[in-house]
Amino acid sequence: MARISAVLLAVTIIFGAVEMAMAVDKDLRTCALSRAIECIADEGCLERTIHKMNLPRFVQIDLKSKTITSLDKEVARNTKISAVEYAGGLLVLHGTELRGWSIAIGEDGDLSLTASGESEAFVVFGSCMNP
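A brief report on the enclosed structure follows. Owing to the predicted nature of the structure, the values given are computational and were not obtained by experimental measurement.

Conventions we followed
Residues numbered from 1 in each chain as written. Predicted model: local features only at pLDDT ≥ 70, side-chain atom pairs only at ≥ 80, totals over all residues. Heavy atoms only, no water. Pairing = 2+ DSSP bridges. Helix = DSSP H or I, 4+ residues; strand = E, 2+ residues; numbered from the N terminus. Core = buried A, V, L, I, M, F, W, Y, C linked by side-chain atoms within 4.5 Å. Buried < 20%, exposed > 50% of the residue type's maximum accessible area, 1.4 Å probe, protein only. Contact = heavy atoms within 4.5 Å. Salt bridge = Lys/Arg side-chain N within 4 Å of Asp/Glu carboxyl O. Polar contact = N/O pair within 3.5 Å; in protein donor to acceptor, adjacent residues only side chain to side chain.

Quick notes on the pairing of strand 9 (residues 110–117)
Across six bridges, strand 8 (residues 100–105) lies against strand 9 in antiparallel orientation. Bridging from a neighbouring strand, Gly100 pairs with Ser116 of strand 9. In this antiparallel pair of consecutive strands, strand 8 and strand 9, the connection spans four residues, and Gly109 shows a positive phi of 95 degrees. As defined by bridge partners, strand 9 adjoins strand 10 (residues 120–129) across eight bridges and the pair is classed as antiparallel. Residue Leu113 lies in a different strand from strand 10, and its bridge partner there is Val124. Counting the residues in the hairpin turn of strand 9 and strand 10 gives two residues, including Ser119, whose phi is positive at 60 degrees.

Details of the nonpolar core
Within the largest apolar cluster, 21 residues are counted, with the highest numbers of intra-cluster contacts made by Ile61, Ile68, Leu93, Trp101, Ile103, Ile105 and Leu111. The contact partners of Ile61, leaving out residues within four places of it in the chain, are Asp27, Leu28, Arg29, Cys31, Thr67, Ile68, Ile81, Leu93 and Ile105.

Structural notes on the pairing of strand 6 (residues 83–87)
Alignment of strand 6 against strand 7 (residues 90–96), held across five bridges, turns out to be antiparallel. The residue of strand 7 that forms the bridge with Glu85 is Val92. Counting the residues that bridge the hairpin from strand 6 to strand 7 gives two residues, and of these Gly88 lies at a positive phi of roughly 65 degrees.

Re the environment of Cys31
Relative to the assigned elements, Cys31 resides in strand 1 (residues 28–40). You can call Cys31 buried: its relative accessible area is 1%. Note: C-alpha distance between Cys31 and Ile105 (74 residues apart in sequence) is 9.9 Å. Sequence-distant contacts of Cys31, defined by excluding residues within four places in its chain, comprise Arg57, Phe58, Val59, Ile61, Leu111, Ser127 and Cys128.

Topic: the pattern of salt bridges
This structure, assessed with the given rule, holds four salt bridges. A salt bridge links Arg99 to Glu120, with the shortest nitrogen-to-oxygen separation between them at 3.0 Å. Of this pair, Arg99 sits in the loop between strand 7 and strand 8 while Glu120 is found in strand 10, placing the two residues 21 residues apart along the sequence. Judged by relative accessible area, Arg99 falls into the partly exposed class, the value being 27%. Classification of Glu120 as partly exposed rests on a relative accessible area of 23%.

Here we look at the side chain of Ser70
Tracing the backbone shows Ser70 in strand 4 (residues 67–70). The class for Ser70 is buried, based on a relative accessible area of 12%. Within the local environment of Ser70, its side chain forms a polar contact with the backbone nitrogen of Asp72, the two atoms lying 3.1 Å apart. Apart from the residues within four sequence positions on either side, Ser70 is in contact with Pro56, Phe58, Val59, Val75, Ala76, Arg77 and Asn78.

Here it is in structure tokens:
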């Protein structure tokens, strides 16, 4: 009987720990950037590789600390998120870093990033693993 109680206690502790870890992960999104388009006012738009745009292939979005962190060693960069909003099933992030940017993440994990500066605009597509 004591053995069964010990097993039940262990299972309860394990499920509690897993539940706590899942609650923390709700604030995290791991995303892969896959396609980029660069537009220059007088030149038009061209598709670019993520590498040529000097963007990381993988990023982690932390909604709690309002940061985006590169997971690529080659492109080590952190970006501060200024605002987090929800529009229906869409998570929308805003910020500035050399230019204004916005990221929209759908419930299915599809990501669209737009950034604009003086006479230039960028669109980046990707996917996120949502909790």
